[in-house]
Amino acid sequence: MSLNFNFSAEHESVRDTVRRLCRDELAALVTDAEESETFPRHVFKRWGELGLLGVRYPEADGGSGLDKVSDCIVREELSYMSQAFASSWSAHSHLGIWPIWKAGTPEQRKRFFVPALAGDKIAGFGLSEPDGGSNVRALKTRAQKVQGGWKLSGSKLYITNAPIADFLLVAARTQPELKPESISLFIVELPNKGFDIHKLRKEGIRASETALIHIEEAFVPDDCLLGGREGTYPVILDSLSENRVGVAANALGMARAAFDAARTYANDRIIANKRVGDYQAIAHKLADMSAQIEAARWLVYYGAWRVDQGTLDAATASRVKLVASETALAVSEQAIRIHGGAGIMREYPVGRIHRDALVYVIGEGTSEVQRNIIARSLGFKP
Ligand SMILES: Cc1cc2nc3c(=O)[nH]c(=O)nc-3n(C[C@H](O)[C@H](O)[C@H](O)COP(=O)(O)OP(=O)(O)OC[C@H]3O[C@@H](n4cnc5c(N)ncnc54)[C@H](O)[C@@H]3O)c2cc1C
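## A closer look at the domain arrangement of the protein
Working step 1: Each domain of the protein was delimited in the assignment, giving domain 1 (9-117), domain 2 (123-230) and domain 3 (234-377).
Working step 2: The gap between the C-alpha centroids of domain 2 and domain 3 is 30 Å.
Working step 3: Taken together, the eight residues of domain 2 in the interface contact eight residues of domain 3.
Working step 4: Residue composition of the side of domain 2 that touches domain 3, by class: four nonpolar, three polar and one charged.

As structure tokens, this is what we get:
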């Protein structure tokens, strides 16, 4: 058995590329995007030019031919700058296209996956519904077979990128029975007459656009059913597991950003002739935060390594996501406390990071759902 705790030169080069991009081009866009609650669409094209949308996909399929570790590095660095930007990236380059890569026909890959990698088409993923995001098996959106295609009816809630997307993967039930095999994915090109998309206003990741969608008899042609009639539920589950490692990397980026801001503040702020960080209560907070981040970091990259080995299981993915997302939330709260009143002011980033971190103990499966998955792997029935 060999252990290697170093990133490769290729990994370091990916990190440098994303850091430079964030510093030189994207960081200047974040405040406006947050305040106007709109995502600057052209950023997708730039990500596409740099090969950042297809990092973990093989070159033979049009991707950049790197690995999940690289994908997590991209996420960590984007989230360090803005979780809203990173969320839009994730909904596109994982949730919206991974199932097409996995289960799509050559034609579907050509029409949707390849232009998405280039940033020419923006993607999203519609699984959650008003009657339950946590209980995927109970989803109600129906797909009715009609001449030449399907008619979709139902609703989807909190769908990232929907207001700006060119297509969405939409989960719908092709048979009335509540069994997993009846859940399929459809590639829905937008605009679609039957899709009524309402943009939602949010407390967290404001620059990432999110929507409630009413779907009424929306026609989708036969060639936009993904993976055949027998359902793509296993593909959805695999996609969610892998993405849980990815969003854990996002959480790591947020935690680091909050920690760095707190450390700088603790160094610069002088109270009674002493740096705030020299008060033991604050110094211990910073020490705990750095230890928590280090623990989350190794878990995240262990999860990524498991993806690259093809050995990731659902419980491991849930452990990684649970620890990293709760770390980001806890660290960002401590960062606010270290800032005192300044932590509540918008000119400091820590308040925004904390609001954004809250999204990640809910989105991609809540912490309670992660605990259920882990507990089931231990033989219990929560
Ligand atoms: C900003 C944002 C973006 C999102 N983007 C997308 C997207 O692009 N695509 C998409 O499909 N979804 C998206 N989601 C939806 C997200 O995945 C769901 O919000 C999440 O899965 C929780 O579902 P819910 O909101 O319906 O909460 P509910 O399922 O109603 O849960 C409410 C509470 O009950 C708890 N709970 C529920 N079931 C159990 C249980 N069995 N055991 C213990 N506790 C339980 C939950 O943990 C939670 O605390 C997004 C959400 C947000 C906030």
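## Things to note about the site of the ligand
Working step 1: What surrounds the ligand is a group of 24 residues, the closest being Leu127, Gly133, Ser134, Thr366 and Glu368.
Working step 2: Taken together, the elements giving at least two residues each to the shell around the ligand come down to strand E1 (123-126), strand E3 (149-160) and helix H11 (367-377).
Working step 3: Broken down by class, the residue content of the shell around the ligand amounts to nine nonpolar, 12 polar and three charged.
Working step 4: Viewed by domain, the shell around the ligand spans two of them, domain 2 (123-230) and domain 3 (234-377), each represented by three or more residues.

## Overview of the pairing of E1
The side chains of a regular strand alternate, first on one face of the sheet and then on the other.
Working step 1: Residues Ala123 and Phe125 point to one face of E1 and Gly124 and Gly126 to the other, with burial holding for every one of them.
Working step 2: Note: E1 against strand E4 (residues 167-173), four bridges, orientation parallel. Considered in E4, the bridge of Gly126 is made with Val170.

## Thoughts on the environment of Val331
Working step 1: With respect to the helices, strands and loops of the structure, Val331 is situated in helix H9 (residues 314-339).
Working step 2: Owing to 30 C-beta atoms within 10 Å, Val331 belongs among the buried residues under this scheme.
Working step 3: For Val331 and Arg256, which are 75 residues apart along the polypeptide, the C-alpha to C-alpha distance reads 8.5 Å.
Working step 4: What Val331 contacts, discounting residues up to four positions off in sequence, is Ala255, Ala258, Phe259, Met289, Gln292 and Ile293.

Thresholds, definitions, all that
- Residues numbered from 1 in each chain as written.
- Predicted model: local features only at pLDDT ≥ 70, side-chain atom pairs only at ≥ 80, totals over all residues.
- Domains from an automatic or database assignment.
- Contact = placed C-beta atoms within 7 Å.
- Nonpolar A, V, L, I, M, F, W, Y, C, P; charged D, E, K, R; others polar.
- Near = placed C-beta within 6 Å.
- Helix = DSSP H or I, 4+ residues; strand = E, 2+ residues; numbered from the N terminus.
- Buried ≥ 20, exposed ≤ 12 C-beta atoms within 10 Å, placed from the backbone.
- Pairing = 2+ DSSP bridges.

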